[in-house]
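Summary of the model geometry
Spelled out from the first residue to the last, the chains are:
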Amino acid sequence: MKPEQVQAQLTRVLSEAISELRDPRVPMIVTVDRIQVTPDYTLARVYVSAITGDMDGLLEALSHARGHLQRVVAAQVKMRRTPTLEFRDAADSRL
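Read on for an overview of the structure. Model, not experiment: these values are computed from the prediction.

The phi dihedral of tyrosine 41 falls on the positive side, at around 60°, and the residue is not glycine. Given a relative accessible area of 21%, tyrosine 41 falls into the partly exposed group.

Right, here's the structure in full:
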């Protein structure tokens, strides 16, 4: 698959999976702005934003749920290896 296809699939799957998380630090509406995948598909940087809530708490909650989210990605996106997910604030990437 092309990197653009992988990024689109990861965005779709992670948006749905994050919305289903039941962590009080995760607000109701979390947007996956974009995903950058390394050329060897071993790392995916996920840039997220939220209208309300504490961004540091959100990033901590997503990092804590990384294993669950990677299992969801592995089940729904057919890849040889599931990339390691790294969560970042989308506002920091625009600087």
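For the rest of this paragraph, the subject is the sheet that holds strand E1 (residues 30-37). Backbone-to-backbone hydrogen bonds pair the strands of a sheet. The strands run either parallel or antiparallel. Judged by pairing direction, the sheet is mixed, and its three strands sit side by side in the order E1-E2-E3 without closing on themselves. The sheet is open, and its two edges are formed by E1 and strand E3 (84-89), each paired on a single side. Going from strand to strand, the sheet's axes swing by 30° on average, the running direction of each strand aside. Pairing between strand E2 (residues 43-50) and E3: six bridges, direction parallel. Paired with valine 46 across the two strands is phenylalanine 87, which belongs to E3. The strands that helix H1 (residues 3-19) touches are E1, E2 and E3; relative to E1, the one it contacts most, it runs at about 150°.

The next thing to look at is the environment of aspartate 89. With respect to the element layout, aspartate 89 can be found in strand E3. Looking at aspartate 89, the relative accessible area reads 16%, which means it is buried. In this structure, the C-alpha to C-alpha distance between aspartate 89 and tyrosine 47, residues 42 residues apart in sequence, is 5.5 Å.

Should the charged atoms of two oppositely charged side chains come close, the side chains can pair. Inspection of every chain in the model, using the stated rule, returns four salt bridges. Here arginine 88 and glutamate 86 are joined by a salt bridge, their closest N and O atoms 2.6 Å apart. Residue classification places arginine 88 among the partly exposed positions, given a relative accessible area of 34%. Assessed through its relative accessible area of 24%, glutamate 86 is described here as partly exposed.

Before going further, it helps to examine the nonpolar core. Of all hydrophobic cores here, the largest spans 27 residues; its most connected members are Val48 and Leu69. Those elements that place two or more of their residues in this core are H1, E1, E2, helix H2 (55-64), helix H3 (66-76) and E3. The leading source of residues in this core is H1, at six residues.

Moving on to the packing of H1 against H3. Between two packed helices, the angle of one axis relative to the other and the distance separating the axes together describe the packing. Put simply, H1 and H3 touch, their axes get as near as 10 Å, and they point 135° apart. By the angle between their axes, H1 is oblique relative to H3. Judged by the twist between their axes, the crossing of H1 over H3 is right-handed. Seen from H1, the contacting residues are Leu10, Arg12, Val13, Leu14, Ala17 and Ile18; seen from H3, they are Leu69, Val72, Val73 and Gln76. Considering only residue class, the contact of H1 with H3 consists of eight nonpolar, one polar and one charged.

Criteria and thresholds
- Residues numbered from 1 in each chain as written.
- Predicted model: local features only at pLDDT ≥ 70, side-chain atom pairs only at ≥ 80, totals over all residues.
- Heavy atoms only, no water.
- Buried < 20%, exposed > 50% of the residue type's maximum accessible area, 1.4 Å probe, protein only.
- Pairing = 2+ DSSP bridges.
- Helix = DSSP H or I, 4+ residues; strand = E, 2+ residues; numbered from the N terminus.
- Axes fitted to C-alpha atoms, helices over the stretch in contact; angles between N-to-C directions.
- Contact = heavy atoms within 4.5 Å.
- Salt bridge = Lys/Arg side-chain N within 4 Å of Asp/Glu carboxyl O.
- Core = buried A, V, L, I, M, F, W, Y, C linked by side-chain atoms within 4.5 Å.
- Parallel < 35°, antiparallel > 145°, perpendicular 65-115°, else oblique.
- Left-handed = near helix turned anticlockwise from the far one by under 90°.
- Nonpolar A, V, L, I, M, F, W, Y, C, P; charged D, E, K, R; others polar.

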